[in-house]
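Summary of structural features
The residues making up each chain are set out below.
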Amino acid sequence: MSFLIRQTLIYAVPLMIVALAGVFAERSGIINLALEGLMIFGAFIGVLFVRIMQQAGVFETSMGVLPLQGFMLLSMLVSAVLGAVFSLLLAFAAINLRADQTIGGTALNLMAPALVLFFIRIIANQNTLQMASGDAASWFMIKKSMFGYGRGQEMGFLGSTFVDKVYLSTYICILIYIVLSIILYKTKFGLRLRSCGENPQASASLGINVYKMRYCGVIISGALAGMGGFVYAMTTANCTSNGDVAGFGFLALAVMIFGNWKPLNISGAALLFGLFKCIAASYSSLDINGDGVYLLAQLNINPNFYRLLPYLITLLVLAFTSKSSRAPKAEGIPYDQSTR
Amino acid sequence: MNENRTSFWKKDGTRSVLASLISILIGLAVGSLIILLLGIFNTSMKDAWEGIRLVFLGLFSTGRNTAGALTFGFNGINFGNMLFRATPVILTGLSVAVANKTGLFNIGAPGQYLMGTAATLFLALSIPSTKMAIPGVNPSSIPPIAVWFIALLGGMLAGAAWGAIPGLLKALLNINEVIACIMTNWISANLVTWFFDVSNLKNIVENTKSGYIYKTTINGVATPKMGLDKIFPGSQVNGGIIIAILLAVAVYILLTRTTLGYELKACGANRFAARYAGIKDKRNIVLSMAIAGALAGAGGALYYLAGNTEFFWSTYQSLPAEGFNGIPVALLAINNPIGVIFAGAFMSMLNISGLQITNLTSFNEYITDVIIAVIVYLSAFSLVIKLMLNGRKKKRAAASVVDDAKGADKGGSKA
């Protein structure tokens, strides 16, 4: 059970944070189809940063728990900053040049893997960027030994679920998620940002700078997606980057729609989809209540079924709720000051 | 004479072509710039110069001479392979273009392509022909060309059915087709993996190749060469390119010379006005997506029916690039079916250049993907480029008539 919860959280957290990235862009009125591309870019930057730092000898695995975790946070920050920079391409095209946002997002989705693979091939002479030596994912993992527990000692249910073999990034992301959701709903800034996605002309008439608000939305979106990409690469891909996040960005888009553009619903949707991902990845060895019965393996459902379920559910939810769907009204429509 | 020339430059079509050419040039320039920067900071200037020459002239590359310098000239293998690789992107480009004409953004081409591929491979490998060679399966009396035809048709039908799903959702429930297409893309990626996972078509004869299914040639099925291998000896080219061009012409006729085409375009221009005029808008949206799906399916079918390419079936983590490349092709061609042929050829030319860059320099083929992405990015605001072109012309005309003071802040061009 604790394995199931832990793994579900590992899959759900990047989904959640990237879906929130989508919310910030769309609530400000810009469709961000580029989530996948931003994740790929963020993953590459984060992994590259860790690799360069390791090669330069800036950090050692023996440097102690706290500095190591701090270093991981720094890597997350770096990938967030560069994700934000990359998203400026979308913001510039969509806001200043009033370009088609769908095509702009598609362009970024094509550009990210191309650029990333181009540089990975030059840096590593292969299609995967990994650490020059050692297993990066395990450096950042929190283990029970750090709290003085021995090999044979158990931490109890809560301990082994939420403390042993987890990543600090999971909790940081949840914290960021809560803080940003509050900002979106309970502050002046959040209200203004949301108003630009509903009726930018009305917002402008109240003295809100729509361009600035939309830039804020896209930049926050880029930062969150870039960070989510690195968290994904670190926790599920063993801290490697290969120009691919296995459709996680598009899955996050599905999570966002499934969650009806609302943070609380999205966190629920992310947990559900994370559970599916977890089941698909490890269904054959999943012992749910620890009694040695592999229930899911006995069900004998092909793992591909679990993999396609999130997309299918999203499509069905869209079909049944299309009348009451609460997509931001002005999303996808370039803001033109002269139509006020 | 002079008048003719001005009217030629003023034509909307000319400006659109010009805007596309500018996008291509900027794309190539960005690619060259990246190589140049890498050359300055990382490798050598000589390397960078070779890379840049290959970005522009990769198609004509004939390798290196004994002195180690790059040589250029006509290269039949490159040309033939370019035509071979152009086949699927022309068809997915047509797919995106047809949907665009009806006002729909068909980002679902990868999924339709994949479904077409799966149906085609299934049919081509499970209807035994006279030349069947899969162990344990008996040959029958059906000629391979009949199987080829059934497989192609099946691929197109599968693509059409898959394309119709987002079409139906759009027409009946008003669900955004972009979202529906993205979802169906990933559903198809998983479905295809699932299907081949449980099928018995996995290649077990050549056991060095795990993860691939049989080539269609094991059943004797392959697209006829139609004499093209004589013109481009040693390349992968086959009759598929001719079929693709014929389909492009057919789509052109459909869109410009038939009632159905007119109705499709009317729905694209204004769905509600079209309905007011008595055009069945819902039927046309579904039909447009189905046609788009059939074209993308044909792309997948023809690519794998060539018989010299293998399908990696465990594809649930990635979607075929040929599907996505239909988007830049259609954008570059401004949704003109004839233009798609040239845009598709250009895309596959870049692809060939990429291979030459990988083989001959320290850079790699992904630089051409960067160029394609830059072109797509630019075509997102090709309208702005067109406006800038228009603006310049207007400025020139306006300057001679009135003192245009207000225009100074628009378009950014110097008066």
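Residues numbered from 1 in each chain as written. Chains lettered and ligands numbered in written order. Predicted model: local features only at pLDDT ≥ 70, side-chain atom pairs only at ≥ 80, totals over all residues. Heavy atoms only, no water.

A short note on the overall build of chain B
The helix and strand tally for chain B stands at 16 helices and two strands. In chain B, which comprises 415 residues, the proportion classed as buried is 55%. Here the analysis covers contacts within chain B between residues at least 6 apart in sequence; of these, 70% occur between residues at least 24 apart. Carbon and sulfur atoms provide 65% of the accessible area of chain B, an area that totals close to 18300 Å². (Helix = DSSP H or I, 4+ residues; strand = E, 2+ residues; numbered from the N terminus. Buried < 20%, exposed > 50% of the residue type's maximum accessible area, 1.4 Å probe, protein only. Contact = heavy atoms within 4.5 Å. Areas by Shrake-Rupley, 256 points an atom, 1.4 Å probe, with all protein chains shown as cover.)

Details of the domain arrangement of chain B
Residues and elements named next belong to chain B. Once the domains are mapped, chain B shows domain 1 (1-74 + 352-380), domain 2 (78-335) and domain 3 (390-415). Each partner contributes to the interface: domain 1 provides 16 residues, whereas domain 2 provides 11 residues. When the buried surface of domain 1 facing domain 2 is broken down by residue, Leu 59, Phe 74 and Ile 352 rank first, second and third, together holding 40% of it. Our enumeration of links across domain 1 and domain 2 arrives at zero salt bridges. Counting across the domain 1 and domain 2 interface gives four residue pairs in polar contact (both at pLDDT 80 or more). Counting only elements with at least two residues in the side of domain 1 that touches domain 2, the list comes to helix H2 (12-41), helix H14 (337-360) and helix H15 (366-380). Split into classes, the residues belonging to the side of domain 1 that touches domain 2 amount to 10 nonpolar, six polar and no charged. (Domains from an automatic or database assignment. Buried area = accessible area lost by both parts, 1.4 Å probe. Salt bridge = Lys/Arg side-chain N within 4 Å of Asp/Glu carboxyl O. Polar contact = N/O pair within 3.5 Å; in protein donor to acceptor, adjacent residues only side chain to side chain. Nonpolar A, V, L, I, M, F, W, Y, C, P; charged D, E, K, R; others polar.)

Thoughts on the interface of chain B and chain A
With 46 residues of chain B at the interface, the matching set in chain A holds 43 residues. Between chain B and chain A, a total of about 3900 Å² is buried, with carbon and sulfur atoms accounting for 79% of that surface. Of all residues in chain B, Met183(B), Tyr366(B) and Tyr377(B) bury the most surface against chain A, accounting for 18% of the area lost on that side. When the shortest N-O distance is used, the salt bridge between Glu365(B) and Arg121(A) registers 3.5 Å. With 14 residues, the top contributor of residues to the side of chain B that touches chain A is helix H7 (residues 177-198) of chain B. Here the side of chain B that touches chain A is built from residues that sort into 33 nonpolar, 10 polar and three charged.

Topic: the packing of helix H5 (residues 109-126) of chain B against H7(B)
All names here are of chain B. Between H5 and H7, whose axes approach to 8 Å, the crossing angle comes to 20°. When the axes of H5 and H7 are compared, the pair comes out roughly parallel. The handedness of the crossing between H5 and H7 is left-handed. Touching Pro 110, Gly 111, Leu 114, Met 115, Ala 118, Leu 121 and Phe 122 of H5 are Asn 185, Ser 188, Ala 189, Leu 191, Val 192, Phe 195 and Phe 196, all from H7. Grouping the constituent residues of the contact of H5 with H7 by class yields 11 nonpolar, three polar and no charged. (Axes fitted to C-alpha atoms, helices over the stretch in contact; angles between N-to-C directions. Parallel < 35°, antiparallel > 145°, perpendicular 65-115°, else oblique. Left-handed = near helix turned anticlockwise from the far one by under 90°.)

Re the pattern of salt bridges
Side chains that differ in charge, positive against negative, can pair when their charged atoms come close. Residue and element names in this part refer to chain B. This model, assessed by the stated rule, comprises six salt bridges over all chains. When the shortest N-O distance is used, the salt bridge between Arg 271 and Asp 281 registers 3.0 Å. Placement of the pair is Arg 271 in helix H11 (residues 271-276) and Asp 281 in helix H12 (residues 281-305), with a sequence separation of 10 residues. Take Arg 271 and Asp 281: they sit in the same class, and that class is buried. Look at the salt bridges and you will find they share partners, linking Arg 271, Arg 275 and Asp 281 into a network.

Details of unusual backbone geometry
Backbone geometry at Asn238(A) places phi at a positive 60°, although glycine is not the residue there. Residue placement: Asn238(A) occurs in the loop between helix H10 (210-236) and helix H11 (248-258).

Re the packing of aromatic side chains
One pass over the structure, following the stated rule, counts 23 aromatic pairs over all chains. Their ring planes at 40° and their centres at 6.2 Å tell us that Phe250(A) and Trp186(B) sit as a pair that is tilted. Within this pair, whereas Phe250(A) is found in helix H11, its partner Trp186(B) is found in helix H7, the two belonging to separate chains. Under the relative-accessibility criterion, Trp186(B) is labelled buried at 4%. Aromatic pair Phe60(B) and Phe79(B): ring centres 5.8 Å apart, planes at 70°, arrangement edge-to-face. Note that Phe60(B) is positioned in the loop between helix H3 (45-57) and strand E1 (61-64) and Phe79(B) in helix H4 (residues 76-101), a separation of 19 residues in sequence. Looking at Phe60(B), the relative accessible area reads 34%, which means it is partly exposed. Phe79(B) sits in the buried class, given a relative accessible area of 18%. A connected cluster of aromatic rings, assembled from ring pairs, spans Phe84(B), Phe122(B), Phe195(B), Phe196(B), Tyr303(B), Tyr304(B) and Phe311(B). The side chain of Arg194(A) reaches across the aromatic face of Tyr185(A), ending 4.6 Å from its centre. Looking at Arg307(A), its charged tip hangs above the ring of Tyr316(B), at a distance of 3.7 Å from the centre. (Phe/Tyr/Trp six-rings, centres within 6.5 Å; stacked < 30°, edge-to-face > 60°. Lys NZ or Arg CZ within 6 Å of the ring centre and 35° of its normal.)

What about the nonpolar core?
Looking at soluble globular proteins, one finds that nonpolar side chains tend to be buried together. One finds Phe140(A), Ile107(B), Ile182(B), Phe196(B) and Phe311(B) to be the most contacted residues of the largest nonpolar core, which totals 230 residues. Shared between two domains, this core holds at least three residues of each, these being domain 1 (1-74 + 352-380) and domain 2 (78-335) of chain B. Setting aside its immediate chain neighbours within four residues, Phe311(B) contacts Leu114(B), Thr117(B), Leu121(B), Val192(B), Phe196(B), Gly211(B), Tyr212(B), Ile213(B) and Tyr304(B). (Core = buried A, V, L, I, M, F, W, Y, C linked by side-chain atoms within 4.5 Å.)

Quick notes on the side chain of Ser75(A)
All names here are of chain A. Inspection of the secondary structure puts Ser 75 in helix H3 (residues 65-96). According to the relative accessible area criterion, Ser 75 is buried, its value standing at 0%. Apart from residues lying up to four places away in sequence, Ser 75 is in contact with Gly 46, Phe 49, Val 50 and Phe 230.

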